[in-house]
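Observations on the model geometry
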Amino acid sequence: MPAVQETIDKVKAIDVDQYKYGFVTDIESEKGAKGLSEETVRFLSAKKSEPEWMTEWRLDALRRFQQMEEPTWARVSYPKIDFDDLYYWAAPKSVEGPKSLDEVDPELLETYAKLGIPLAEQEILAGVEPKNRVAVDAVFDSVSVVTTFKEELKKAGVIFCSISEALREYPDLVKKYLGSVVPVTDNFYATLNSAVFSDGSFVYVPEGVRCPMELSTYFRINEQNTGQFERTLIIADKGSYVSYLEGCTAPQRDENQLHAAVVELVALEDAEIKYSTVQNWFPGDKDGKGGIYNFVTKRGDCRGKNSKISWTQVETGSAITWKYPSCILRGENSRGEFYSIAVSNGHQQIDSGTKMIHLGKNTSSRVISKGISAGKSENTYRGLISAHRKASNARNFTQCDSLLIGQDCGAHTVPYIESKNASAQFEHEATTSKISDDQMFYCLQRGLSEEEAVALIVNGFVKDVIQQLPMEFAVEAQKLISISLEGSVG
Amino acid sequence: MLEIKNLHARIAEDETEILNGINLTVNPGEVHAIMGPNGSGKSTLSYILAGKDDYEVTEGEILFNGENMLEMEPDERAAAGMFLAFQYPIEIPGVATMEFLKTAMNAQRKARGEDPLSIPDFMKRVKAAASHLNVSMDMLKRPLNVGFSGGEKKRAEILQMSLLEPKLCVLDETDSGLDIDALRIVSEGVNKLRSPERAMVVITHYQRLLDHIVPDVVHVLSKGRIVKTGDKDLALELEKNGYADYVDTAA
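Residues numbered from 1 in each chain as written. Chains lettered and ligands numbered in written order. Predicted model: local features only at pLDDT ≥ 70, side-chain atom pairs only at ≥ 80, totals over all residues. Heavy atoms only, no water.

1. Examining the overall build of chain B
The cut-off we apply is this: Runs of H or I in DSSP of at least four residues are treated as helices and runs of E of at least two as strands, each being numbered from the N terminus. Just to be clear, the radius of gyration here is over C-alpha atoms, and the globule rule we use is 2.2 Å times residues to the power 0.38. Only protein chains enter the accessibility calculation, which uses a 1.4 Å probe; a residue whose area is less than 20% of its type maximum is buried, one above 50% is exposed, and one in between is partly exposed. Any pair of residues with heavy atoms lying within 4.5 Å of one another is described as a contacting pair. His is not counted, nor are the chain ends, whereas Lys and Arg count as positive and Asp and Glu as negative. Lys charges are placed at NZ, Arg charges at CZ, Asp charges at CG and Glu charges at CD.
If you tally the helices and strands in chain B, you get ten helices and ten strands. Radius of gyration (C-alpha) of chain B: 18 Å, near the 18 Å computed for a compact globule of 251 residues. Counting only C-alpha atoms and orienting by the principal axes, one finds that chain B spans roughly 55 × 40 × 35 Å. Classification of the 251 residues of chain B by burial places 52% in the buried group. Nonlocal contacts in chain B, meaning residues at least 24 apart in sequence, comprise 69% of its contacts between residues at least 6 apart. Taking the average location of the 28 positive side-chain charges in chain B and that of its 40 negative ones, the two points are 6 Å from each other.

2. Some thoughts on the pairing of strand β21 (residues 395–404) of chain A
Residue and element names in this part refer to chain A. Our working definition: The criterion for strand pairing is that DSSP finds at least two bridges linking the strands in question.
The buried fraction of β21 amounts to nine of the ten residues, a majority that puts the element mostly inside the structure. As paired strands, strand β19 (residues 364–373) and β21 are joined by ten bridges and run parallel to one another. Looking at the pairing, S373 lines up with L404 of β21. Relative to strand β23 (residues 425–434), β21 runs parallel, the two sharing ten bridges. For F397, the partnering residue across the bridge sits in β23 and is E427.

3. Overview of the interface of chain B and chain A
Here is the rule: Buried area is a sum: the accessible area each of two parts loses on coming together, probed at 1.4 Å, counted once for each and added. The working definition used for a salt bridge is a side-chain nitrogen of Lys or Arg within 4 Å of a carboxyl oxygen of Asp or Glu. Polar contacts, as used here, are pairs of N or O atoms within 3.5 Å; protein pairs need one atom able to donate a hydrogen and one able to accept it. Residues neighboring in sequence count only if both atoms are side-chain atoms. Classification convention: Asp, Glu, Lys, Arg as charged; Ala, Val, Leu, Ile, Met, Phe, Trp, Tyr, Cys, Pro as nonpolar; all other residues, Gly among them, as polar.
Counting residues at the interface gives 30 residues for chain B, matched by 17 residues for chain A. With both sides pooled, the region where chain B packs onto chain A buries about 2,000 Å², and carbon together with sulfur makes up 66% of that total. The largest share of the area that chain B buries against chain A comes from D75, F86 and I90 of chain B, three residues that together contribute 23% of it. Summed over the shared surface of chain B and chain A, the result is three salt bridges. Its salt-bridge partner being E157 of chain B, residue R446 of chain A comes within 2.6 Å of it at the nearest N-O pair. Here chain B and chain A share eleven residue pairs in polar contact (both at pLDDT 80 or more) between them. Counting only elements with at least two residues in the side of chain B that touches chain A, the list comes to α1 (42–50), α2 (74–79), β6 (82–85), α3 (97–111) and α6 (150–164) of chain B. Per-element accounting of the side of chain B that touches chain A gives the leading share, seven residues, to α3 of chain B. Residues that form the side of chain B that touches chain A fall into these classes: 18 nonpolar, six polar and six charged.

4. Let's talk about the packing of aromatic side chains
Residues and elements named next belong to chain A. Heads up, the condition is: Each aromatic pair joins two rings of Phe, Tyr and Trp (for Trp, the six-membered one) with centres within 6.5 Å, and gets the label stacked for planes under 30 degrees apart, edge-to-face for over 60, and tilted for any other angle.
Applying the stated criterion across every chain yields a total of 22 aromatic pairs over all chains. Judged by centre distance (4.9 Å) and plane angle (70 degrees), the rings of Y189 and W322 are edge-to-face. Taken as a pair, Y189 in helix α9 (residues 188–196) and W322 in strand β15 (residues 320–323) lie far apart in primary sequence, 133 residues in all. Taken as a pair, Y189 and W322 share a single burial class, namely buried.

5. A look at the packing of helix α2 (residues 38–47) of chain A against helix α3 (residues 52–65) of chain A
Residues and elements named next belong to chain A. We apply this condition: A fitted line through C-alpha atoms serves as each axis, taken over the contacting stretch for helices, and the angle formed by two N-to-C directions is quoted from 0 to 180°. Throughout this description, any angle smaller than 35 degrees is read as roughly parallel, any larger than 145 degrees as roughly antiparallel, any in the 65 to 115 degree range as roughly perpendicular, and the remainder as oblique. By convention, the crossing between two helices is left-handed when the near helix turns anticlockwise from the far helix through less than a right angle, and right-handed when the turn is clockwise.
Closest axis-to-axis distance for the α2/α3 pair is 10 Å, and the angle between their directions is 155 degrees. By the angle class used here, α2 and α3 are roughly antiparallel. In this structure, α2 meets α3 at a crossing whose hand is right-handed. Here α2 contributes E38, V41, R42, L44 and S45 to the contact with α3, which in turn contributes T55, R58, L59, L62 and R63. Taken together, the residues of the contact of α2 with α3 break down into four nonpolar, two polar and four charged.

6. Regarding the environment of G371 of chain A
Residues and elements named next belong to chain A. Looking at the secondary structure, you find G371 in strand β19. Sequence separation between G371 and C211 is 160 residues, and the spatial gap between their C-alpha atoms is 32 Å. Once residues lying within four places of it in the same chain are set aside, the contact partners of G371 are A342, N379, D401, S402, L403 and F461.

7. Comments concerning the sheet that holds strand β4 (residues 55–64) of chain B
Reading across the sheet, the four strands line up as β2-β1-β4-β5 (chain B) and stay open at both edges, with antiparallel pairing between neighbours. The strands lining the two open edges of the sheet, one partner per strand, are β2 (17–26) and β5 (67–68) of chain B.

8. A short note on the sheet that holds strand β9 (residues 217–222) of chain B
Residues and elements named next belong to chain B. One open sheet holds the six strands; their spatial order is β6-β7-β8-β3-β9-β10, and the pairing between them is mixed. Taken across any chain shown, the strands that pair with only one partner, and hence form the sheet edges, are β6 and β10 (225–230). Shown here is a sheet whose adjacent strand axes are inclined to one another by a mean of 20 degrees, direction ignored. As paired elements, strand β3 (residues 31–35) and β9 share four bridges and run parallel to each other. Along β9, the bridge assignment pairs H32 with V217. Contacts from α1 reach β3, β6, β7 (168–172), β8 (199–204) and β9 within the one sheet, and its direction differs from that of β6 by about 145 degrees.

9. Section: the pairing of strand β6 (residues 201–205) of chain A
Residues and elements named next belong to chain A. Among the five residues that make up β6, five are buried, leaving the element largely enclosed by the rest of the structure. Residues S201, V203 and V205 point to one face of β6 and F202 and Y204 to the other, with burial holding for every one of them. Bridge analysis of strand β5 (residues 159–162) against β6 gives four bridges, and the strand direction is antiparallel. Opposite S162, over in β6, you have S201 as the bridge partner. As paired elements, β6 and strand β8 (residues 231–236) share four bridges and run parallel to each other. Note that in β8 the partner of V205 across the bridge is A236.

10. Points about α3 of chain B
The condition that has to hold: By this rule, a helix spans an expected 1.5 Å times one less than how many residues it contains.
With 15 residues, α3 of chain B ought to run about 21 Å at 1.5 Å a step, and its terminal C-alpha atoms sit 21 Å apart, in line with that. Close packing links the buried residues of α3 of chain B with α10 (437–445) and α11 (450–461) of chain A together with α2, α4 (119–132), α5 (137–141) and α6 of chain B. Within two residues after α3 of chain B, G113 of chain B carries a phi angle of roughly 75 degrees, on the positive side.

11. A look at unusual backbone geometry
Here the phi dihedral of N333 of chain A falls at roughly 65 degrees; this positive angle occurs in a residue that is not glycine. Along the chain, N333 of chain A turns up in the loop between β16 (326–329) and β17 (335–344). The exposure class assigned to N333 of chain A is partly exposed, which follows from its relative accessible area of 43%. Not every positive phi belongs to a glycine, and N6 of chain B is a case in point at roughly 45 degrees. For N6 of chain B, the location among the structural elements is in strand β1 (residues 2–11). The class of N6 of chain B is partly exposed, set by a relative accessible area of 32%.

12. Re a negative patch on the surface
Selection rule: Surface patches are defined over residues having more than 30% relative accessible area and no salt bridge, joining like charges when they lie within 9 Å and nonpolar side chains (Val, Leu, Ile, Met, Phe, Trp, Tyr) when within 5 Å. In these tables, accessible area is a Shrake-Rupley quantity obtained with a 1.4 Å probe, and a residue counts as shielded only by the protein chains included in the view.
Residues D437, E450, E451 and E486 of chain A together with D53, E73 and E76 of chain B make up a contiguous surface patch of negative charge. Structurally, D53 of chain B is set in the loop between α1 and β4. You can call D53 of chain B exposed: its relative accessible area is 67%.

13. Re the packing of α3 of chain B against α4 of chain B
All names here are of chain B. Running from N to C, α3 and α4 point in directions that differ by 115 degrees, and their axes come no closer than 11 Å. One finds that α3 runs roughly perpendicular with respect to α4. Between α3 and α4 lies a crossing of right-handed hand. On the side of α3, the interface is formed by M98, L101, K102, M105 and R109, while α4 contributes I119, F122, M123, R125 and V126. Classifying every residue of the contact of α3 with α4 by side-chain character gives seven nonpolar, no polar and three charged.

Any link to function would need more than the numbers given here.
This is how it looks when you write it as structure tokens:
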């Protein structure tokens with residue numbers, strides 16, 4: 001439709017600097033048919049040459065999905081999504097499993113360069129101290145194109161690849177763990193994801209191995225009108241350790257984009273998984289138009305004794321965020337952590353939090369949530385802490401702080417606490433505050449500009465969480481928070 | 001350096017008149033004390049000098065080195081060399097004192113078109129200034145003013161003052177909440193900063209601060225007006241006889 005194209009062009013022309021990562025790469029794309037049906041799923045599965053059981057698994061999910069209702073309990077509002085008006089398959093055409101960077105479409109590499117992903121600088125990366133190395137599994141639309149550092153990881157026995165590749169190379173591992181943390185029927189969006197997930201990352205860290213580097217995936221939604229359904233599965237075998245970072249940007253556009261990812265983590269006995277997210281998707285323009293709808297199911301299963309899973313997230317983007325990274329504390333003495341910074345500005349809506357499900361004895365969890373609302377945004381923390389009958393001596397500490405900037409935003413806290421075991425001890429602390437005029441004046445009197453003052457005060461507010469991020473990303477996250485809040489005062 | 005001419009001001013919200021025609025000239029190198037009873041407008045004057053927008057200037061002008069200060073934003077005034085030591089310093093949770101110092105110093109340098117300080121240079125300056133004020137490394141790592149005692153807060157204010165090297169220092173009841181030892185440390189810190197290029201306005205209720213920071217000129221402020229100006233002996237006289245004489249004059 002020319003009218004729409006005109007709007008897109010206009011928005012691009014006016015707003016191109018507003019959103020740093022707002023551009024669309026012009027690469028030929030191959031698309032499947034529009035709409036959600038058995039044919040779509042079969043086409044998708046066939047395109048990816050998946051085994052028969054995977055196709056059936058997807059079809060089962062689709063049938064379940066068709067009987068489900070979209071949930072409405074979250075404090076977010078948006079126009080109804082027409083699932084039959086979306087594409088469920090798009091792949092860069094010219095790329096078919098390149099063996100090295102040389103085989104990758106140069107325009108794609110340019111996109112990565114714009115994003116600041118150091119893929120094209122593999123040699124430089126390789127020159128860095130081995131312990132500081134970051135391995136990037138780049139996802140371009142639906143197909144994983146390049147994976148770096150694979151060889152080095154292989155030496156350590158760590159499997160880090162796209163889930164499509166894992167389905168081909170390690171089908172037994174995938175079959176054993178896929179859907180074991182987030183079942184096919186878990187919730188509306190997770191079920192949708194199970195039916196049509198496009199691609200994602202797979203990590204397996206074998207027994208006793210400490211993964212030699214941070215693993216990192218950059219997501220990027222590029223093809224217009226394409227729902228993006230990432231699926232990530234991370235398994236830390238007995239006594240292993242892995243730290244994983246997910247960061248993402250998306251191009252600016254005039255249409256809403258649906259994103260429904262599922263992340264499953266499995267930590268076996270004495271294993272530890274640290275999962276960090278820096279999310280900076282297009283939040284919509286000044287009037288709240290466009291922007292990503294982000295409906296994500298993230299869950300970790302502390303399956304073995306003394307296992308530990310830690311979620312750290314910095315959420316600054318998306319028009320709508322619906323996300324509750326959770327831990328099932330099944331193994332005795334296991335521990336779950338959730339550290340979150342959720343920044344909303346403009347017309348953004350965030351409904352996010354965590355669930356800590358204490359099933360085993362002596363399990364403990366810690367929740368630190370920092371919500372910052374500015375502009376006309378709504379920011380809700382929703383959390384569940386529960387102790388089941390057998391969870392003797394379960395412990396939780398929750399701290400939930402909200403900071404308001406301006407008069408037109410909202411902060412809400414909805415904590416659910418359930419204890420079926422008398423020896424469980426749950427603590428909940430919550431505060432809501434504003435950046436006071438006195439604080440601003442004090443900072444200005446010392447010579448800070450208004451924006452510097454807000455950035456300083458906000459960074460003080462989120463410090464407890466920033467400290468949990470891997471060093472190299474903490475600085476980036478602080479910058480991102482400052483950028484997100486630009487123009488929120490005055 | 002500072003010229004206040006016929007300054008009238010009121011509270012923006014309810015239009016209560018606070019200052020009723022203040023005239024004051026402070027030259028470089030001078031220390032002026034402003035004394036007066038509660039509610040005479042002392043703190044208001046300091047806030048207006050710093051540019052707090054709770055107040056509205058209805059008449060008169062303020063010149064700072066010849067420039068119209070009332071047209072400058074608070075951060076511009078700071079960068080131009082105006083420093084206010086707060087009576088009640090504000091807490092900034094999660095921001096280490098050290099970090100705040102660096103941010104403030106570099107913000108002012110940026111506004112003046114200078115390069116940011118290198119870390120070693122910054123550390124050297126902080127360490128030197130902190131030792132004079134009995135400020136420990138531990139205190140510098142704590143969030144600014146959060147959980148600080150009265151004395152620590154005031155020492156932190158003077159530490160900022162000495163690092164920012166302002167041209168005009170306004171000290172608003174810096175002696176309040178200080179015991180005798182803290183008063184001595186803070187006053188010594190202030191005295192160290194006295195120089196022929198720097199002017200100071202010291203606002204206080206009590207003469208005792210002026211035993212330590214000896215002023216060149218003493219003004220009595222009452223009902224928003226300067227009703228008496230004298231030398232340091234005026235402060236002693238006030239200490240003995242109270243403000244009663246001057247309060248009546250103003251009425």
